[in-house]
Amino acid sequence: DTNYHYIVPEFHADQAFSLLSHKIINEYKEAKNAGIDTKPVIIGPVTFLLLGKEKQADFHRIELIGNLLPVYHQLIKELDELNVQYIQFDEPCLGTELDARELAAFVAAYQELKKAFPHIRFILGNYFECYGQHLRTILELPFDIFHLDLVRCPAQLDDLIELYPAINWAQAKGPKFSLGVIDGRNIWKNNYEQSLIILQKAVACFGIDNVLIAASCSLLHVPCDLDSEHKLDPDIKKWLSFARQKISELGALSAIMSGAPNAGKLLTENQLAIQSRGGSEKIHKSAVKAAVAAITPAYASRLSAFAIRQKKQQQHLNLPLFPTTTIGSFPQTTDVRQLRAQLKKGTISEEAYTQAIQEATIQAIRLQEELDIDVLVHGEFERNDMVEYFGEQLEGYAFSAFGWVQSYGTRCVKPPILFGDIERKQPMTVAWSKFAQQQTTRRVKGMLTGPITMLQWSFVRDDQPRSHTALQLALAIRGEVMDLEAAGISIIQIDEPAIREGLPLRKENWAAYLKWAVGAFKISASGVRDETQIHTHMCYSEFNDIIEHIAAMDADVITIETSRSQMELLDAFVQFNYPSGIGPGVYDIHSPRVPSVEEIETLLDKALLVLPATNLWVNPDCGLKTRNWPETREALEHMVQAAKALRAKFEVPA
Ligand code: GLN
Ligand code: ZN
């Protein structure tokens, strides 16, 4: 449930494994040569399998555990030869529902590994969720240290304390517990007073020697060092803590717990910072709270049902069958990015910047007209990032200069900091959409980022439930949607690419999340007339299991990523009659390859087997900002040709 992405391992029934990389060994040695004995951290074998997927029917990936464990043996043996003291096995699959077979595989795997290496101390890492119903079984396993994410699951400590006397411990003196009290996923300063209550409770039960103080999860998800931030508002900066500061917090909590001479000072300083945040006027705005309190159920529903809206929109917009459109952005070339860098440095004026962006917008409109696309976009040239751009214009957001975190491979994102009540002071996109619309007689689609994506891709305040913050964001976006409509924009897209990644790890919690997430989207989208067409867009396929909730968002049109999975998504529509307009992406924008007209036609034919022709849209599967112009032009040419060919087949002869 993070914005961290990985390549999903794909398994076959006869999958073989071998130890390929010695990175972990080399890094252990390197640190040791520098005089530091580290604990190697390895993804556990069960999580490795469960977070992958089968590429073949009739087998379950957990059956591969027997093929996989010898590789773990080999790796641990090599580490053992270097005299490693501890190994941490990360098994966040424990935060999901494991069935009996998966849990049995887990138990057997660690019994076997520990038996082979009784002298190495095994640490079990689990985070982002509690152990849930697996807690007891897991505690009876021969781990020397169990880690608990007490930020996500504070109540789990009570479960553990309750179970403690009844467990048949595998370890002679009982295990130790690593208590994740410092939030490894968010950037707020730890509240020592609260952490100390937890730690003292644990010490009273397990003994001082058996409690370790930890971050809730890896610090991969937070930026490196707050000290590098020189432009942040000093009041806000006082409330924050990045990775380096979190490590100091660990030290401070340990010092306070052991009664170090500076304990009192550390605690007082922390209390002052926490208090200054709690009561800050920068965070709490009565007008925002009143607006949220005034939300009624009517805010989340359109005036009429889709069928009625569809008719009115058709009359109003007069679009052809299989309308063509794109997802929003056009190539962000070096030129465009340089303009923004120059503006930031002050080497070009605001006017020169605006003019250059206007020129790029006009060119994009001309190209789309030339390509004969039906619903145009302005191209998003004025945007650095789809969340930051809106965050910068909303009250309640702050920005770091160097707060990068890894999202995938060498890719990083710099999430904005949502610290306070969210307020939209003035229109954020209306001028650009209006400008683009003035250049053409075709419809230009307004382009917004939805409340859940704003939430999901920011560092969000932790002093109120996320569902409440989502309502504030929803109201801000709703205001923008209504302003766009008033400015004559009849088609408005509210992007929600992150809605799926917000799903809780345990399925039993999905319904509650989807209820408030879908609700927030609907509040953002439902302030308009029936004639105004609301689009939404989502990436990262695998929507099959939440398709009903996507339908419940009640957007008039959804564009969705499917091309990489060969329209696997469409399987969902065999059982489920998706009620409204839908554009299953017909080509993969993540690749420079230009799709042929024929392959797009084939995909559209496939889509038509499960979707009514009147609801089918034709579009790429995501924004085009990472592509270059020549391939974009060619791909879109092919896309429009394919749509026209299909239209010809459906046209009723006069
Ligand atoms: N409108 C955005 C774009 O076209 C959507 C990006 C996304 O889905 N991640 O770039
Ligand atoms: Zn996308």
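Here, the structure is the one placed above.
Now for a quick tour of the structure. Throughout, a residue's number is its position along its own chain's written sequence, starting from 1. To read the labels, note that chains go from A and ligands from 1, taken in the order they are written. Given that the model is predicted, a residue must reach a pLDDT of at least 70 before its local features are reported, and side-chain atom pairs must reach 80 or more before they are shown or counted; all residues, however, enter totals for whole chains, interfaces and linings. For the side-chain quantities, the full set of heavy atoms in the structure was used; hydrogens and water were omitted.

1. Observations regarding the side chain of R461
For clarity, the cut-off: Only DSSP runs of H or I with at least four residues qualify as helices, and only runs of E with at least two residues qualify as strands; both kinds are numbered from the N terminus onward. Should any heavy atoms of two residues lie within 4.5 Å, those residues are considered in contact.
Tracing the backbone through its elements, the reader meets R461 in the loop between β15 (459-460) and α18 (466-486). When near neighbours in sequence (up to four residues on either side) are disregarded, R461 contacts W188, R277, I283, H284, L418, F419, G420, D421, T469 and Q472.

2. Details of empty space enclosed by the protein
Keep this limit in mind: Cavity and pocket criteria rest on a 1 Å grid covering protein atoms alone: a 1.4 Å probe that fits but cannot get out defines a cavity, protein on both sides within 12 Å along at least 5 of 7 lines defines an open pocket, and an atom within 4 Å of a point defines a lining residue. Grid points are joined across faces, edges and corners, and a volume is the space filled by probe spheres set on the points. Charged means Asp, Glu, Lys or Arg here, nonpolar means Ala, Val, Leu, Ile, Met, Phe, Trp, Tyr, Cys or Pro, and polar covers whatever is left, Gly included.
On inspection of all chains with the given rule, the structure shows three cavities of 30 Å³ or more. Of the pockets and cavities examined, the largest cavity occupies roughly 50 Å³. Around the largest cavity sit Y587, D588, S591, P592, R593, V594, P595, L624, R627, E631, T632 and A635, which together line it. When the residues that make up the lining of the largest cavity are grouped by side-chain class, the tally is six nonpolar, two polar and four charged.

3. Side note on the layout of surface pockets
Each pocket or cavity is described by its volume, and for the second largest pocket that value is around 660 Å³. Every residue lining the second largest pocket is counted, 24 residues in all, and those nearest its centre are K39, V41, Q88, A214 and A215. The set of elements that each furnish at least two residues to the lining of the second largest pocket consists of β4 (86-90), β5 (121-125), β6 (145-149), β7 (176-182), β8 (211-215) and α9 (243-257). In terms of residues, the lining of the second largest pocket owes the most to one element, β8, which gives four residues. The class makeup of the residues in the lining of the second largest pocket is 14 nonpolar, seven polar and three charged.

4. Notes on a nonpolar patch on the surface
Quick note on the threshold: Nonpolar side chains (Val, Leu, Ile, Met, Phe, Trp, Tyr) within 5 Å and like charges within 9 Å form the patches, drawn only from residues with over 30% relative accessible area and no salt bridge. Here, Shrake-Rupley sampling with a 1.4 Å probe gives the accessible areas, and only protein chains in the shown set may cover a residue. Salt bridge criterion: a side-chain nitrogen from Lys or Arg within 4 Å of a carboxyl oxygen from Asp or Glu.
Together, Y4, Y6, V8 and L51 line one region of the surface with nonpolar side chains, adding up to about 310 Å² of accessible area. For L51, the location among the structural elements is in the loop between α2 (45-50) and β3 (53-54).

5. Brief notes about the coordination of the zinc ion (ligand 2)
Just so we agree on the cut-off: Here the term donor refers to an N, O or S atom within 2.8 Å of the metal (or 3.2 Å for Na, K and Ca), and because water is left out of the atoms, sites may appear incomplete. Under this scheme a four-donor centre is tetrahedral when all angles range from 85 to 135 degrees, a four-donor centre is square planar and a six-donor centre octahedral when opposite donors are above 155 degrees with the rest from 65 to 115, and any other centre is irregular. For the exposure calls, accessible area comes from a 1.4 Å probe over protein chains only, and a residue counts as buried if that area is under 20% of its type's maximum, exposed if over 50%, partly exposed in between.
Distances from the zinc ion (ligand 2) to its protein donors, namely H537 (NE2), C539 (SG) and C622 (SG), fall within the range 2.1 Å. Around the zinc ion (ligand 2) sit four donor atoms, and with donor-metal-donor angles ranging over 88 to 124° the site reads as tetrahedral. Site description for the zinc ion (ligand 2): donor spacing in sequence, H-x1-C-x82-C. We note that H537, like C539, is buried.

6. Brief notes about unusual backbone geometry
Phi at D372 takes a positive value of approximately 65°, unusual for a residue other than glycine. Considering the arrangement of structural elements, one finds D372 in the loop between α14 (350-371) and β9 (375-376). We note that D554 has phi near 60°; this positive angle belongs to a residue other than glycine.

7. Overview of helix α10 (residues 263-278)
Keep this limit in mind: Under the convention used throughout, the expected extent of a helix is 1.5 Å for every residue step, that is, one less than its residue count. Throughout, the arc means that of the directions going from the helix axis to the C-beta atoms.
The end-to-end C-alpha distance of α10, which contains 16 residues, comes to 23 Å, matching closely the 22 Å that a straight helix rising 1.5 Å per residue would cover. Of the residues making up α10, those classed as buried are A263, N270, A273 and R277. Down the axis of α10, the buried set is contained in an arc of 110°. They therefore lie on one face. Across α10 from its buried face, at more than 90 degrees, point the exposed residues K265, L272 and Q275. Check the buried side of α10 and you find it contacts α7 (192-206) and α9.

8. Looking at α7
The terminal C-alpha atoms of α7, which comprises 15 residues, lie 20 Å apart, in line with the 21 Å expected from a rise of 1.5 Å per residue. Every buried residue of α7 is listed here: Y192, S195, L196, L199, A202, V203 and F206. Down the axis of α7, the buried set is contained in an arc of 130°. They therefore lie on one face. In α7, the exposed positions angled more than 90 degrees off the buried face are occupied by Q194, I197 and A204. Contacts from the buried residues of α7 go to α6 (156-163), β7, β8, α9 and α10.

9. Digging into the site of ligand 1
Rules: Nearness here has a simple test: a residue counts as near a molecule or strand if at least one of its heavy atoms is within 4 Å of that partner. Contacts described as polar in this section are N or O atom pairs within 3.5 Å, which, within protein, must combine one atom able to donate a hydrogen with one able to accept it, while residues neighboring in sequence count only if both atoms come from side chains.
Around ligand 1, the surrounding shell consists of I327, G328, S329, E380, M386, M447, D495, P497, H537, C539, C622 and G623. Contact between ligand 1 and S329: an oxygen atom at 2.8 Å from a side-chain N or O atom of the residue. Take D495: an N or O atom from its side chain is 2.6 Å from a nitrogen atom of ligand 1. Contact with the protein chains hides 92% of the accessible area of ligand 1, taken as 300 Å² for the molecule alone. Taken together, the residues of the shell around ligand 1 sort by class into six nonpolar, four polar and two charged.

10. Quick word on the packing of aromatic side chains
Here is the rule we go by: Any two of the Phe, Tyr and Trp rings considered here, Trp counted by its six-membered ring, make a pair once their centres fall within 6.5 Å; the pair's planes then place it as stacked at under 30 degrees, edge-to-face at over 60, or tilted in between.
For the structure on display, the rule yields 24 aromatic pairs. Here the aromatic rings of Y397 and F399 are separated by 6.3 Å at their centres, their planes lie at 20°, and the arrangement is stacked. Seen from their ring centres, Y513 and W516 are 5.2 Å apart, and the 80° between their planes marks the pair as edge-to-face. Highlighted residues: Y513 and W516, both in helix α19 (residues 510-525), separated by three residues, approximately one helical turn. An aromatic cluster is built from F89, F106, Y110, F122, F143, F146, Y164, W169, F177 and F206, whose rings are joined through pairwise contacts.

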